[in-house]
Amino acid sequence: MLDPQLFKKDIELLADRLRDRGFALDVERYLDLEQRRRALQTETERLRNERNTRSKKIGEAKARGEDIKPLIDAVGDLGARLTNLEDELGIVKSGLDEIYYETPNLTHGTVPVGADETDNREIRRWGRAPEFSFQPRDHVDVGEVVDGMSFDLAAKLSGSRFVVIHGALARLHRALIQFMLDLHTTRHGYEEFYVPYLVNRDSLTGTGQLPKFAEDQFATATDDLFLIPTAEVPLTNTIRDSIIDSADLPIKLVAHTPCFRREAGSYGKDTRGMIRQHQFEKVELVQVVDPRQSYDALEELTDNAETVLRELELPYRVVSLCTGDIGFSAAKTYDLEVWMPGQQNYREISSCSNFESFQARRMNSRWRNTVTGGKEFVHTLNGSGLAVGRTLVAVMENYQQADGSIRVPQVLRSYMGGLEVISHA
RNA sequence: GGAGAGGUGGCUGAGUGGUCGAAAGCGGCGGUCUUGAAAACCGUUGACUCGAAAGGGUCCGGGGGUUCGAAUCCCUCCCUCUCCGCCA
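Residues numbered from 1 in each chain as written. Chains lettered and ligands numbered in written order. Predicted model: local features only at pLDDT ≥ 70, side-chain atom pairs only at ≥ 80, totals over all residues. Heavy atoms only, no water.

Trainee: Could you clarify how one ought to interpret the protein's contact with RNA strand B in this entry?
Mentor: Close to RNA strand B lie 15 residues; Glu-45, Arg-48, Ser-55, Ile-58 and Arg-366 are nearest. Backbone atoms, meaning sugar and phosphate, form 56% of the atoms of RNA strand B found within 4 Å of the protein. Elements with a contribution of two residues or more to the surface near RNA strand B: helix H3 (27-63) and helix H4 (69-75). Ranked by residue count, the leading element in the surface near RNA strand B is H3, at ten residues. Looking at the surface near RNA strand B residue by residue, the classes come out as three nonpolar, four polar and eight charged. (Near = heavy atom within 4 Å. Helix = DSSP H or I, 4+ residues; strand = E, 2+ residues; numbered from the N terminus. Nonpolar A, V, L, I, M, F, W, Y, C, P; charged D, E, K, R; others polar.)

The following block contains the structure:
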């Protein structure tokens with residue numbers, strides 16, 4: 001949520017800035033609602049004041065033992081008028097809330113302006129694409145050769161966009177998780193968290209998935225709970241409705257969780273393999289910081305995620321998402337894209353964002369500024385460190401050998417009982 | 001799932017229809033005393049919101065209701081605790 005003052009002070013300027021990211025702010029509707037809100041609120045508060053004053057007088061008169069009947073009669077239909085006004089005000093306010101909660105964040109000045117992903121800016125590249133003396137397979141074929149991955153079996157159990165992994169490949173998948181968690185907790189200063197995978201409406205609203213993106217969430221039928229689309233939701237919401245001591249900043253959290261996404265509207269996209277699944281594992285990094293440090297924190301967090309790829313010796317590039325491609329809640333986002341030999345292309349494997357105070361305002365998460373003494377909104381950040389399923393895919397494709405076997409990356413061997421090559425799951 | 005007890009300010013906790021945004025204690029802040037500190041004593045101390053200010057409004061788990069008036073009464077949901085049942 002943006003600062004409502006931005007709407008009040010100069011709505012046209014705001015609308016103009018939001019246009020960069022392809023969002024059409026309904027200025028007319030806002031102005032109409034805000035004008036009515038003002039009038040209704042003033043009148044409602046005036047009537048409440050009158051009711052409060054009269055009621056207090058009745059109480060005083062009763063205490064003195066006077067006849068209060070005439071005073072009660074004099075109140076008349078004040079209560080009914082007030083109820084009507086309050087109802088009307090409530091409707092206008094929920095209209096305004098809709099605007100506030102469904103308006104995306106403003107982007108940072110360094111974010112490239114553009115319409116779609118073709119306007120994203122490449123920041124840097126690391127590593128060199130491996131050269132093969134044979135035609136490299138994609139991960140589906142590699143998985144078939146080592147017999148460790150089944151989409152048919154998953155379809156029988158659940159449907160499309162699921163996978164069953166077994167044997168040594170399943171262990172490799174688990175090794176990636178352990179490796180990532182150990183790296184971030186021992187070298188990057190994050191505290192490991194175990195969190196619920198089902199969260200309530202308030203949590204999803206806090207981080208920005210609701211109300212606008214309800215169709216992307218898996219919801220339970222009888223309880224108002226949702227499967228988390230990312231550990232960002234439970235991790236970031238740990239600071240909801242709280243005031244943080246400045247000495248406790250920055251807060252750096254990491255968790256491994258499954259992530260559940262309906263992938264509504266991506267029916268024709270990435271249907272082959274395990275690139276886009278309804279369920280996947282992710283190790284997520286979250287930082288809560290002093291607003292003055294949030295852009296330094298974004299660089300640090302991005303580097304934390306990159307370190308995973310460098311340690312795994314997977315070639316990648318860093319891309320700054322443009323205004324037309326950046327997510328709803330983010331002020332600035334770096335995507336990490338890993339080289340996929342099977343597709344001869346870079347594919348997103350991590351997304352690192354600074355949300356500035358957008359989530360903090362929704363969550364009412366503040367810190368006590370020791371200099372000014374005031375309570376101010378914190379800045380929140382998060383990033384995948386990394387998406388485990390896609391990392392498995394990247395390892396399978398980059399480490400494949402002519403016979404279809406997979407070399408185990410050096411840093412993972414201790415997690416694999418010393419295994420160096422997976423030739424059959 | 002069944003039975004019961006609760007949810008009040010940073011914390012503990014009083015308050016069962018009216019001058020209650022709320023006693024008291026603890027904690028915090030300021031002061032007196034002290035070389036300094038502790039103790040003691042005195043004072044002070046909730047949040048949000050509208051307003052230039054004066055001042056107004058809202059908030060006693062969430063939502064709804066009764067009433068001129070609700071922390072207090074009623075309904076409903078959520079959460080915590082105790083006992084029983086079930087269970088990884």
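Next, the rest of the story.
Trainee: Please explain the pairing of strand E11 (residues 332-340) as it appears in this structure.
Mentor: Within a regular beta strand, the side chains point alternately toward one face of the sheet and then the other, so they alternate between its two faces. When you tally the buried positions in E11, you get nine out of nine residues, the bulk of the element. Side-chain alternation along E11 places Lys-332, Tyr-334, Leu-336, Val-338 and Met-340 on one buried face and Thr-333, Asp-335, Glu-337 and Trp-339 on a second face that is also buried. Examined bridge by bridge, strand E10 (residues 316-320) and E11 share five bridges and lie antiparallel to one another. Among the inter-strand pairings, Val-318 is bridged to a residue of E11, identified as Leu-336. (Buried < 20%, exposed > 50% of the residue type's maximum accessible area, 1.4 Å probe, protein only. Pairing = 2+ DSSP bridges.)

Trainee: Before we go on, may I ask you to explain the sheet that holds strand E9 (residues 279-289) in this structure?
Mentor: Sheet strands pair via backbone hydrogen bonds, and the direction of the pair is either parallel or antiparallel. The sheet built from eight strands is open, its strands ordered E1-E10-E11-E12-E15-E9-E8-E4 with mixed pairing. Only two strands of the sheet have a single neighbouring strand rather than two, namely strand E1 (121-126) and strand E4 (191-192). Set on the sheet, helix H8 (residues 167-186) makes contact with E4, strand E8 (251-260), E9 and strand E15 (379-387); between it and E9 the angle comes to about 5 degrees. The strands touched by helix H11 (residues 294-311) within the sheet are E1, E8, E9, E10, E11, strand E12 (345-354) and E15, with E15 carrying the most contacts at an inclination of about 10 degrees. (Contact = heavy atoms within 4.5 Å. Axes fitted to C-alpha atoms, helices over the stretch in contact; angles between N-to-C directions.)

Trainee: Looking at this model, I keep getting lost on the pairing of E10. Mind explaining?
Mentor: Of all five residues that make up E10, four are buried, and the element is covered over most of its length. Alignment of E1 against E10, held across five bridges, turns out to be antiparallel. The residue of E10 that forms the bridge with Glu-122 is Val-319.

Trainee: Quick question: what am I supposed to make of the sheet that holds strand E13 (residues 365-368) here?
Mentor: Across the sheet, three strands lie side by side as E7-E13-E14; this open sheet has mixed pairing. Bordering the open sheet on either side are strand E7 (242-244) and strand E14 (375-377), each of which pairs with just one other strand. Adjacent strand axes in the sheet meet at a mean angle of 40 degrees, parallel and antiparallel pairs treated alike. In this structure, E13 lies alongside E14, joined through three bridges in antiparallel fashion. When the sheet's bridge partners are listed, Arg-368 is paired in E14 with Lys-375.

Trainee: What is the right way to look at the packing of H8 against H11 in this model?
Mentor: In a packed pair of helices, the relevant descriptors are the angle between the two axes and the axis-to-axis distance. Two elements in contact, H8 and H11, have axes whose closest approach is 11 Å; the angle formed by their N-to-C orientations is 130 degrees. With respect to H11, the axis of H8 lies oblique. Where H8 crosses over H11, the two elements pack in a sense that is right-handed. On H11, the residues that touch Phe-179, Met-180, Leu-183 and His-184 of H8 are Asn-304, Thr-307, Val-308 and Glu-311. (Parallel < 35°, antiparallel > 145°, perpendicular 65-115°, else oblique. Left-handed = near helix turned anticlockwise from the far one by under 90°.)

Trainee: In this structure, what is going on with the pattern of salt bridges? I would like to understand it.
Mentor: Side-chain pairs of opposite charge can arise where the charged atoms are in close proximity. Applying the stated criterion to the full structure yields 28 salt bridges. Arg-36 is the partner of Asp-32 in a salt bridge, and the nearest nitrogen-oxygen pair spans 3.2 Å. Of this pair, Asp-32 and Arg-36 both sit in helix H3, separated by four residues, roughly a single helical turn. When its relative accessible area of 36% is taken as the criterion, Asp-32 is described as partly exposed. Residues Glu-263 and Arg-276 are paired through a salt bridge, measuring 3.3 Å at the closest nitrogen-oxygen approach. Residue Glu-263 is found in the loop between E8 and E9, and its partner Arg-276 is found in the loop between E8 and E9; the two are separated by 13 residues along the sequence. (Salt bridge = Lys/Arg side-chain N within 4 Å of Asp/Glu carboxyl O.)

Trainee: So what exactly am I meant to see when it comes to the environment of Leu-82 here?
Mentor: Relative to the assigned elements, Leu-82 resides in helix H5 (residues 78-102). Distance from Leu-82 to Leu-386, taken between C-alpha atoms, is 55 Å for residues 304 residues apart in sequence. With near-sequence residues (within four places) excluded, Leu-82 lies in contact with Thr-44, Leu-47, Arg-48 and Arg-51.

Trainee: Would you mind showing me how to read helix H13 (residues 388-398) here?
Mentor: Owing to its 3.6 residues per turn, the α-helix brings residues three or four apart onto one side. H13 sits mainly inside the fold: eleven of its eleven residues count as buried. Turning to H13, its buried residues are Val-388, Gly-389, Arg-390, Thr-391, Leu-392, Val-393, Ala-394, Val-395, Met-396, Glu-397 and Asn-398.

Trainee: Can you walk me through unusual backbone geometry in this structure?
Mentor: Excluding glycine, residues mostly have negative phi values, and the peptide bonds linking residues are mostly trans. Residue Pro-211 is bonded to the preceding Leu-210 through a cis peptide linkage, with omega at 5 degrees. Tracing the chain through its elements places Pro-211 in the loop between helix H9 (201-207) and strand E6 (225-227). In this structure, Leu-386 follows Gly-385 across a cis peptide bond, with omega equal to 10 degrees. Relative to the helices and strands, Leu-386 is located in strand E15. Non-glycine residue Asp-147 carries a positive phi angle of around 55 degrees. By the element assignment, Asp-147 lies in the loop between helix H6 (139-145) and strand E2 (149-150). For Arg-161, which is not a glycine, the phi torsion comes out positive at approximately 65 degrees. Among the structural elements, Arg-161 can be located in the loop between helix H7 (151-157) and strand E3 (164-165). The class for Arg-161 is buried, based on a relative accessible area of 13%.

Trainee: What is the right way to read the side chain of Asp-138 from this model?
Mentor: Tracing the sequence through the fold places Asp-138 in the loop between E1 and H6. Residue classification places Asp-138 among the buried residues on the basis of a relative accessible area of 13%. Sequence-distant contacts of Asp-138, that is, excluding residues within four places in its chain, are made with Arg-272, Gly-342 and Glu-397.

Everything listed here is a matter of coordinates, which is why it stays silent on function.
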